[in-house]
Amino acid sequence: MLTILKEKFRSFDGERSLVIAELAVDVKTELPQANGVEGRMISQGTIAWEISTGDLYGFGGDRKWVNQATGEAYDPTDGE
């Protein structure tokens, strides 16, 4: 399950709010795509905590999540 812990409005992207957010997910496969949070577009700098492992991920400008401890990239569009 994806939970928004905190968000900061940056601007509008069409009809969606562009935000930098702090997220929590149970497992990394729940990490969203840029448009994967209802009514919002997430921006570079968004972070997510994977509760099952304690790993922290950062959302990059290339729209991939990067594990902040290992540097491993995770692309949510790959459907892993």
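Each value, and the rule that gives it
- Residues numbered from 1 in each chain as written.
- Predicted model: local features only at pLDDT ≥ 70, side-chain atom pairs only at ≥ 80, totals over all residues.
- Heavy atoms only, no water.
- Helix = DSSP H or I, 4+ residues; strand = E, 2+ residues; numbered from the N terminus.
- Polar contact = N/O pair within 3.5 Å; in protein donor to acceptor, adjacent residues only side chain to side chain.
- Phe/Tyr/Trp six-rings, centres within 6.5 Å; stacked < 30°, edge-to-face > 60°.
- Buried < 20%, exposed > 50% of the residue type's maximum accessible area, 1.4 Å probe, protein only.
- Salt bridge = Lys/Arg side-chain N within 4 Å of Asp/Glu carboxyl O.
- Pairing = 2+ DSSP bridges.

Q: Please explain the side chain of N67 as it appears in this structure.
A: Along the chain, N67 falls in strand β6 (residues 65-67). Side-chain polar atoms of N67 contact the backbone nitrogen of T70, separated by 3.1 Å.

Q: Is there a simple way to explain the packing of aromatic side chains in this structure?
A: The geometry of an aromatic ring pair is captured by two quantities: the separation of the ring centres and the angle between the planes. The tally for this structure, following the rule as stated, stands at two aromatic pairs. An angle of 55° between the planes, with centres 4.9 Å apart, marks the rings of F59 and W65 as tilted. Comparing F59 with W65 shows no difference in burial state: the two are buried.

Q: Where do I start with the pattern of salt bridges in this structure?
A: Where charged atoms from two side chains of opposite charge approach closely, those side chains can pair. A complete count under the given rule lists two salt bridges for this structure. For E7, the salt bridge is made with R40, and the minimal N-O distance between the two is 2.6 Å. Placement of E7 in strand β1 (residues 2-13) and of R40 in strand β3 (residues 40-42) is noted, with a sequence separation of 33 residues between them. In this structure R40 comes out as partly exposed when scored by relative accessible area, which is 23%. Here E72 makes a salt bridge to K28, at a shortest N to O gap of 3.4 Å. Of this pair, E72 sits in the loop between β6 and β7 (73-74) while K28 sits in the loop between β2 (16-25) and β3, and the two are 44 residues apart along the sequence. For E72, a relative accessible area of 42% corresponds to the partly exposed category.

Q: It is not clear to me how unusual backbone geometry should be interpreted in this structure. Could you clarify?
A: Keep in mind that most residues, glycine aside, have a negative phi and that most peptide bonds are trans. Even without a glycine there, the phi angle at R63 is positive, about 65°. With respect to the helices, strands and loops of the structure, R63 is situated in the loop between β5 (55-59) and β6. According to the relative accessible area criterion, R63 is partly exposed, its value standing at 48%.

Q: Would you take a moment to explain the environment of A73 for this structure?
A: The residue A73 is located in strand β7 in this model. Since its relative accessible area comes to 47%, A73 is described here as partly exposed.

Q: Please explain the pairing of β2 as it appears in this structure.
A: If a strand is regular, its side chains alternate between the two faces of the sheet. Pairing between β1 and β2: 10 bridges, direction antiparallel. In the strand pairing of β2, L2 is matched with V25. The hairpin formed by β1 and β2 contains two residues between the paired strands, and G14 there has a positive phi angle of roughly 70°. Looking at chain direction, β2 and β3 are connected through three bridges and run parallel.

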